[in-house]
Amino acid sequence: MSTHKIAVLAGDGIGPEVMKEARKVLDAIASKFQVSFEFDEQLVGGAGIDGAGKALPEATLKACEAADAILFGSVGGPKWENLPPNEQPERGALLPLRKHFGLFANLRPSVCFPSLTHASPVKNELIEGGFNVLCVRELTGGMYFGEPKFLGEKDGERTAIDTMIYRESEIERIAHVAFLAAQGRDKRVTSIDKANVLQNGILWRETVEKVAKGYPDVTLDHLYVDNAAMQLIRRPNDFDVVLAENLFGDILSDEMAMIAGSLGMLASASLGASKDGGLYFGMYEPSGGSAPDIAGQGIANPIAQILSTAMLLRYSLGLEEAATCIDDAVKAVIDEGLRTGDLFTGEEGTTKMNTTEMGDAIVAKI
Ligand code: IPM
Ligand code: MG
């Protein structure tokens, strides 16, 4: 029996509560599919600051290095908001983890099941039959990490500098990820840029065009980022895979999450270079954040964490069957009308549950 090592970083807020349910799901998967998991639980974010003096303690980084994949909860909360920006949970842990492990490909599926379209603020006729778009965001380049970065006095006044920089190879590798993903979906890629203003946009568009030649079965179109923000709201169901650089992807993926309506359902994967067998080292986390307002009450939706776990099995461990089993179990409980508080409207045939009950229901389906 093969043993897979998973670094478990539950973090802050609802992180530990939803992580507990994901662990139950992994236990169920282990017995059903005859695999074994070894978990290494470590501090991160505010919990890292409180317990070990910083958001990303050395021991945590070491455990991640030794693991096959990282299962991440969420970080941040009011308690740590007054620290210097670079020491705060989000910047002090997330960005360094992405950079350290070269997690350049961020996959953010925005999915709204047909029975949950009421949760979306978008007119329901626009997302009839559900909403299903995959955002492929470049995660280690662009303005987030470009040098020089500066905040200080220049020519007699306070000045800030961030640098947007992309090399062709960085654009090529993320474009491949988008086209490969599209081949397994509806075979359409919409590439986002600002080629009417930015040099970066010109290189982005030309490079994506070049990569597209290797995927003649996938349709490619381009949108300027401002127009894309508009078209996503106007005709959400026309999109399949949206490919964007780091900052544009950050912004548009929040828009897509909102269209899907239920942040508590959205998983994500941040992947590094592909290893043998097409597997990636990766970090897997819910898109929703630490939700300090409901933390500790046992009412958070664990589905985003559980679906992130499915992505981990699929991309980093090659356990496609097990991953699909989790996806199907989640679909089944939603179809049966089981809802955590974020999605419960009192609609006939639905049942309200807390975090643990939802986890148990999903485990029962597995
Ligand atoms: C995200 C977040 C992060 C980002 C922040 C917390 C640094 O917004 O993962 O989308 O900007 O990438
Ligand atoms: Mg963001």
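Residues numbered from 1 in each chain as written. Chains lettered and ligands numbered in written order. Predicted model: local features only at pLDDT ≥ 70, side-chain atom pairs only at ≥ 80, totals over all residues. Heavy atoms only, no water.

Bringing the pattern of salt bridges into the picture now. For the structure shown, the criterion picks out 19 salt bridges. We note a salt bridge from R23 to E41, for which the minimum N-O separation is 2.6 Å. Here the residue R23 occupies a position in helix α1 (residues 15-33), and E41 occupies one in strand β2 (residues 36-41), the gap between them amounting to 18 residues. For D193, the salt bridge is made with R205, and the minimal N-O distance between the two is 2.8 Å. (Salt bridge = Lys/Arg side-chain N within 4 Å of Asp/Glu carboxyl O. Helix = DSSP H or I, 4+ residues; strand = E, 2+ residues; numbered from the N terminus.)

Moving on to the side chain of N106. Along the chain, N106 falls in strand β4 (residues 105-112). Accessibility expressed as a relative area gives 1% for N106, which makes it buried. For N106, the side chain forms a polar contact with the side chain of R108, separated by 2.7 Å. Beyond its immediate sequence surroundings of up to four residues, N106 is in contact with C135, V136, R137, L139, S268, A269 and S270. (Buried < 20%, exposed > 50% of the residue type's maximum accessible area, 1.4 Å probe, protein only. Polar contact = N/O pair within 3.5 Å; in protein donor to acceptor, adjacent residues only side chain to side chain. Contact = heavy atoms within 4.5 Å.)

Here we come to the site of ligand 1. E90, R98, R108, R137, Y144 and D250 make up every residue found near ligand 1. Between R98 and ligand 1, the recorded distance is 2.7 Å, taken from a side-chain N or O atom to an oxygen atom. Y144 places a polar side-chain atom, nitrogen or oxygen, 2.5 Å from an oxygen atom of ligand 1. Relative to its unbound accessible area of 320 Å², ligand 1 is 74% covered by the protein chains. Its residues placed into classes, the shell around ligand 1 shows 1 nonpolar, no polar and 5 charged. (Near = heavy atom within 4 Å. Areas by Shrake-Rupley, 256 points an atom, 1.4 Å probe, with all protein chains shown as cover. Nonpolar A, V, L, I, M, F, W, Y, C, P; charged D, E, K, R; others polar.)

Okay, the packing of helix α9 (residues 303-315) against helix α10 (residues 320-335) next. The description of two helices packed together rests on the angle between their axes and the distance between the axes. As a packed pair, α9 and α10 sit with axes 7 Å apart at the nearest point and diverge in direction by 160°. With respect to α10, the axis of α9 lies roughly antiparallel. Helix-helix and strand crossings are classified by hand; for α9 and α10 the assignment is left-handed. Every residue of α10 that contacts α9 at I303, I306, L307, A310, L313 and R314 is listed here: E320, A322, A323, T324, I326, D327, V330 and I334. Tallied by class, the residues present in the contact of α9 with α10 amount to 10 nonpolar, 1 polar and 3 charged. (Axes fitted to C-alpha atoms, helices over the stretch in contact; angles between N-to-C directions. Parallel < 35°, antiparallel > 145°, perpendicular 65-115°, else oblique. Left-handed = near helix turned anticlockwise from the far one by under 90°.)

A few words now on the sheet that holds strand β10 (residues 241-244). Spatial ordering of the open sheet is given by β2-β1-β3-β12-β11-β4-β5-β10-β8-β9, a layout of 10 strands whose pairing is mixed. The open sheet terminates on both sides in strands that have one partner only, identified here as β2 and β9 (219-224). Averaged over neighbouring strand pairs, the angle between their axes works out to 20° when direction is ignored. Running over the sheet, α1 touches β1 (3-11), β2 and β3 (69-74) and is turned about 165° from β1. Where α9 meets the sheet, its contacts fall on β1, β2, β3, β4, β11 (267-274) and β12 (280-286), and the angle it forms with β12 comes to roughly 170°. (Pairing = 2+ DSSP bridges.)

Considered for burial, the residues of helix α7 (residues 225-234) that qualify are V225, A228, Q231 and L232. Buried residues of α7 fall within an arc of 110° about the axis and therefore sit on the same side. Along α7, the residues that are exposed and aim more than 90 degrees away from the buried face are M230 and R234. Close packing links the buried residues of α7 with β8 (188-193), β9 and α8 (246-260). (Arc of directions from axis to C-beta.)

Soluble globular proteins tend to pack their nonpolar side chains together in the buried interior. Counting residues in hydrophobic clusters, the biggest one holds 90 residues, and the most contacted among them are F37, F179, L313 and I362. Ignoring anything within four residues of it in the chain, the contact list for F37 reads T3, H4, I6, L26, I29, A30, L313, L317 and L319. One finds V44, L56, I70 and L97 within the second-largest nonpolar core, a separate group that totals 20 residues. (Core = buried A, V, L, I, M, F, W, Y, C linked by side-chain atoms within 4.5 Å.)

Our next topic: the pairing of β10. Here β10 shows two buried faces, one formed by V241 and L243 and the other by V242 and A244. Relative to β10, strand β5 (residues 131-138) runs parallel, the two being bridged by 4 bridges. Residue pairing in the sheet places R137 in a bridge with A244 of β10. Here 3 bridges tie β8 to β10, and the two strands are oriented parallel to one another. By the bridge assignment, T190 is partnered in β10 with V242.

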